[in-house]
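Here is what each chain is made of, one letter per residue.
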Amino acid sequence: MNKKKKISFIIAGAVLAAVSLLWLAGLFTALDNSWSDFKFILRGPLSPDKNIIIVAIDEHAIKMLGRWPWPRRTHARLIERLTRAGAKAIIFDVLFTEPDRLDPAGDAELTAAARKSRRTILGGMFQFKDRAAEAYLVPVGETVRSPRVGFVNIFPELDGKCRKVPLFIEYRGAPLPSLALRGLEIYYQKSADEIVSERRLALDDYGELTLNYRGGFERFEYISFYDVVSGKSPRSAFKGKIVLVGGTAAALFDLKATPYSPVFPGVEIHANAISNVINSNFLHPVSWLWAFLAAALLCAAGGYFMTTMSAWKGSMVAASMIFGYLGLSYAMFLGERYFNYTAPAVAGLFCYVGILLYRFFTEEKEKKYIKKTFSHYLSPHVMEDILNNPASLKLGGQKQTLSVLFSDIRGFTTMSENLKAEEVVALLNEYLTEMVKVVFKHDGTLDKFMGDAVMAFWGAPIPQNDHAVRAVSCARDMIINLRKLQEKWLVEGKTSTINIGIGVNTGEMVVGNMGSYERMDYTVIGDNVNLGARLEGLNKDYATEVIISEFTYAVVRDIFKTKYLDEVKVKGKAKPVKIYAVEV
């Protein structure tokens with residue numbers, strides 16, 4: 001594993017550890033809740049549940065029946081009417097925990113009506129001290145453990161929204177059922193424990209059920225309390241239904257916040273709980289261990305992809321994984337799994353940003369070094385490849401099979417004696433400029449100028465599988481472009497001209513940065529380099545322009561027109577080397 005990967009994985013590990021600690025400290029709770037609420041909004045409301053009706057103590061009822069609270073006899077009359085209408089369960093999200101001072105006999109009438117109906121549940125309320133239930137306020141005439149009483153307590157989370165409802169609260173060593181669960185006992189004619197077991201209710205450590213809200217306000221049928229007691233509502237509307245009675249008027253202060261609305265009737269929260277159980281569509285909490293594994297996977301993937309890909313591709317992969325995780329979380333929500341953990345997405349994002357910053361600072365430094373080192377002897381195209389993928393450049397000496405080209409001017413010394421110094425320099429600069437263009441055109445690496453000679457090679461620092469073909473193509477184009485220069489010089493009236501010889505060889509060479517720490521060159525050395533230089537010098541002996549070795553010939557013989565010349569003995573080679581001329 002290279003240094004960059006090690007550091008990237010260290011960053012990923014550090015991010016995972018930091019996010020895990022922040023997560024355990026509860027700092028992502030608000031983000032988790034926001035993501036949970038957004039999923040409800042994104043999904044939209046479900047169809048209304050026809051099994052449940054809410055009898056609302058609304059503004060209309062208060063206007064018609066008078067100021068709240070109403071006499072207990074009024075509620076007893078409601079129970080009688082709903083019982084005769086065939087309601088399967090009648091559940092009061094209303095507290096009758098204090099005697100009716102204006103009509104004390106009304107308390108007994110309400111209790112009698114509830115017992116006679118054999119399907120009515122009245123609301124009780126726990127009072128807490130130090131997180132423990134200290135007192136249980138129950139309706140007048142009922143006992144703490146009465147099967148006709150269920151607690152109405154709902155505990156908002158830190159942001160004030162109600163996402164769960166408790167189905168049990170422990171009081172004096174025994175768990176007592178909620179209002180919703182008592183109503184379900186009537187509906188199923190089974191005990192609370194049997195319902196929890198048979199319906200496989202997913203309760204947390206606090207006995208709470210995570211609600212799958214059907215939507216915003218009025219996802220159940222609402223009928224005004226007044227319309228029921230006055231006989232205006234049809235009796236058939238209640239047959240076989242679960243009826244909840246509760247306040248919706250703002251003056252009653254029984255309004256709470258939910259994922260859908262900051263103002264939501266408490267009675268409809270109980271209705272959602274009952275509906276979730278009946279339809280088995282409550283949310284099943286998923287263990288935080290899966291979220292931790294997801295965070296570890298995202299960080300590990302970030303550490304890997306952000307170092308093996310370009311910054312752009314790595315960013316796309318990272319974004320895809322993060323949004324993919326959020327998409328998976330949403331898909332699980334649609335499958336009724338409460339997987340609202342945002343910590344893995346945060347870990348993935350921080351991991352990506354951390355590694356991206358590391359890459360930015362290290363690669364900028366690396367690119368400056370590369371550009372400074374190679375800008376003088378690489379074509380812009382090759383330079384761009386290296387800067388986009390610095391990992392492809394391995395500095396330091398290493399053996400590779402490359403192709404090398406040497407070109408030299410014939411009779412340069414004699415020519416220079418017949419020209420002024422400035423004329424020699426101008427002619428030489430024009431010639432070398434044209435030759436460098438040709439080298440860069442074929443993506444060669446310009447090694448150096450040796451007086452009037454040019455040395456270039458192919459196959460490094462960017463790998464080129466066709467390096468031999470590129471080198472020979474470059475040699476031919478150098479001759480062709482020189483001829484064009486010669487014609488130009490004749491038109492300009494210059495009597496002196498330039499002729500060159502070129503040698504090309506292919507073989508194993510040592511390539512890399514060589515020199516001292518103060519000054520170094522990226523170059524090639526070895527016997528095969530020396531052979532290339534030797535071939536260039538043979539052109540004057542055979543009256544040719546381009547000579548290639550048998551090693552280059554073996555690669556390009558089907559591409560270029562060549563002619564066998566001879567076998568020559570070369571230093572560093574045990575056997576003579578066959579040489580070929582390339583026709584231009």
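An account of the accompanying structure is given in this report. (Residues numbered from 1 in each chain as written. Predicted model: local features only at pLDDT ≥ 70, side-chain atom pairs only at ≥ 80, totals over all residues. Heavy atoms only, no water.)

**A closer look at the pairing of strand β2 (residues 89–95)**
Counting buried positions along β2 gives six out of seven residues, so the element sits mostly inside the fold. Pairing of β2 with strand β11 (residues 242–247) involves five bridges; the strand directions are parallel. When the sheet's bridge partners are listed, F92 is paired in β11 with V245. Direction of pairing for β2 relative to strand β3 (residues 120–129): parallel, over a ladder of three bridges. Paired with I91 across the bridge in β3 is I121. As for the winding sense of the linkage, the β-α-β connection from β2 through helix α5 (residues 104–117) to β3 is right-handed. (Buried < 20%, exposed > 50% of the residue type's maximum accessible area, 1.4 Å probe, protein only. Helix = DSSP H or I, 4+ residues; strand = E, 2+ residues; numbered from the N terminus. Pairing = 2+ DSSP bridges. Right-handed = clockwise from strand over helix to strand, strands pointing away.)

**Here we look at the layout of surface pockets**
The space that makes up the largest pocket amounts to roughly 1500 Å³. Forming the walls of the largest pocket are 35 residues, and the residues nearest its centre are E157, K164, D204, Y206 and E208. Counting residues per element, the ones that place at least two in the lining of the largest pocket are α1 (3–24), α2 (29–43), β6 (164–166), β7 (168–171), β9 (208–210) and α10 (288–308). (1 Å grid on protein atoms, 1.4 Å probe; cavity = no way out; pocket = protein on both sides within 12 Å on 5 of 7 lines; lining within 4 Å. Points joined across faces, edges and corners; volume = space filled by probe spheres on them.)

**Digging into helix α6 (residues 179–188)**
Along α6, nine of the 10 residues are buried, which leaves the element largely enclosed by surrounding structure. Among all positions in α6, only L179, A180, L181, R182, G183, L184, E185, I186 and Y187 are buried.

**Section: the pattern of salt bridges**
One pass over the structure, following the stated rule, counts 21 salt bridges. A salt bridge links E142 to R115, with the shortest nitrogen-to-oxygen separation between them at 3.8 Å. Of this pair, E142 sits in the loop between β4 (132–137) and β5 (149–151) while R115 sits in helix α5, and the two are 27 residues apart along the sequence. On the accessibility criterion, E142 (9% relative accessible area) is buried. Residues K561 and E583 are paired through a salt bridge, measuring 3.8 Å at the closest nitrogen-oxygen approach. Taken together, the residues span a long stretch of sequence, with K561 in the loop between α18 (550–556) and β22 (562–568) and E583 in the segment after β23 (577–582) at a distance of 22 residues. Look at K561 and you get exposed, because its relative accessible area is 59%. (Salt bridge = Lys/Arg side-chain N within 4 Å of Asp/Glu carboxyl O.)

**Description of helix α17 (residues 527–542)**
Under the 1.5 Å per step criterion, the end-to-end length of α17 is 22 Å for 16 residues, consistent within 8% with the ideal 22 Å. Within two residues after α17, A543 carries a phi angle of roughly 55 degrees, on the positive side. (Expected span 1.5 Å × (residues − 1).)

**Here we look at the packing of helix α15 (residues 421–441) against helix α16 (residues 467–491)**
Interaxial distance between α15 and α16 falls to 9 Å at its minimum, and their mutual angle equals 150 degrees. Regarding α15 and α16, the two cross each other, and that crossing is right-handed. Listed contacts from α16 to L427, E430, Y431, E434, M435, V438, V439 and K441 of α15 are C474, D477, M478, N481, L482, L485, K488 and W489. Here the residues of the contact of α15 with α16 are counted per class, giving 10 nonpolar, one polar and five charged. (Axes fitted to C-alpha atoms, helices over the stretch in contact; angles between N-to-C directions. Left-handed = near helix turned anticlockwise from the far one by under 90°. Contact = heavy atoms within 4.5 Å. Nonpolar A, V, L, I, M, F, W, Y, C, P; charged D, E, K, R; others polar.)

**So, the side chain of N539**
One can find N539 in helix α17. The class for N539 is buried, based on a relative accessible area of 1%. Looking at N539, its side chain comes within polar contact range of the main-chain oxygen of E536, at 3.0 Å. Looking at N539, its side chain comes within polar contact range of the main-chain nitrogen of E545, at 3.4 Å. The contacts of N539, once residues within four sequence positions are left out, are R410, G501, I502, G503, T544, E545, V546 and I547. (Polar contact = N/O pair within 3.5 Å; in protein donor to acceptor, adjacent residues only side chain to side chain.)

**Describing empty space enclosed by the protein**
Evaluation of the coordinates by the stated rule reveals three cavities of 30 Å³ or more. Taken as a whole, the largest cavity holds about 70 Å³ of empty space. In this structure, the largest cavity is lined by L298, A301, G302, F305, M306, G314, V317, A318, M321, I322, G348 and Y352. For the lining of the largest cavity, the secondary structure elements donating two or more residues are α10, α11 (311–334) and α12 (343–374).

**Considerations on the packing of aromatic side chains**
The tally for this structure, following the rule as stated, stands at 23 aromatic pairs. Ring geometry for W23 against Y341: centres 5.6 Å apart, planes inclined by 70 degrees, an arrangement best described as edge-to-face. Taken together, the residues W23 in helix α1 and Y341 in the loop between β15 (337–338) and α12 connect sequence positions 318 residues apart. With relative accessibility at 15%, the residue W23 sits in the buried group. The exposure class of Y341 is buried, given its relative accessible area of 16%. Taken together, the ring pairs connect F40, Y213, Y260, F264, Y330 and F333 into an aromatic cluster. (Phe/Tyr/Trp six-rings, centres within 6.5 Å; stacked < 30°, edge-to-face > 60°.)

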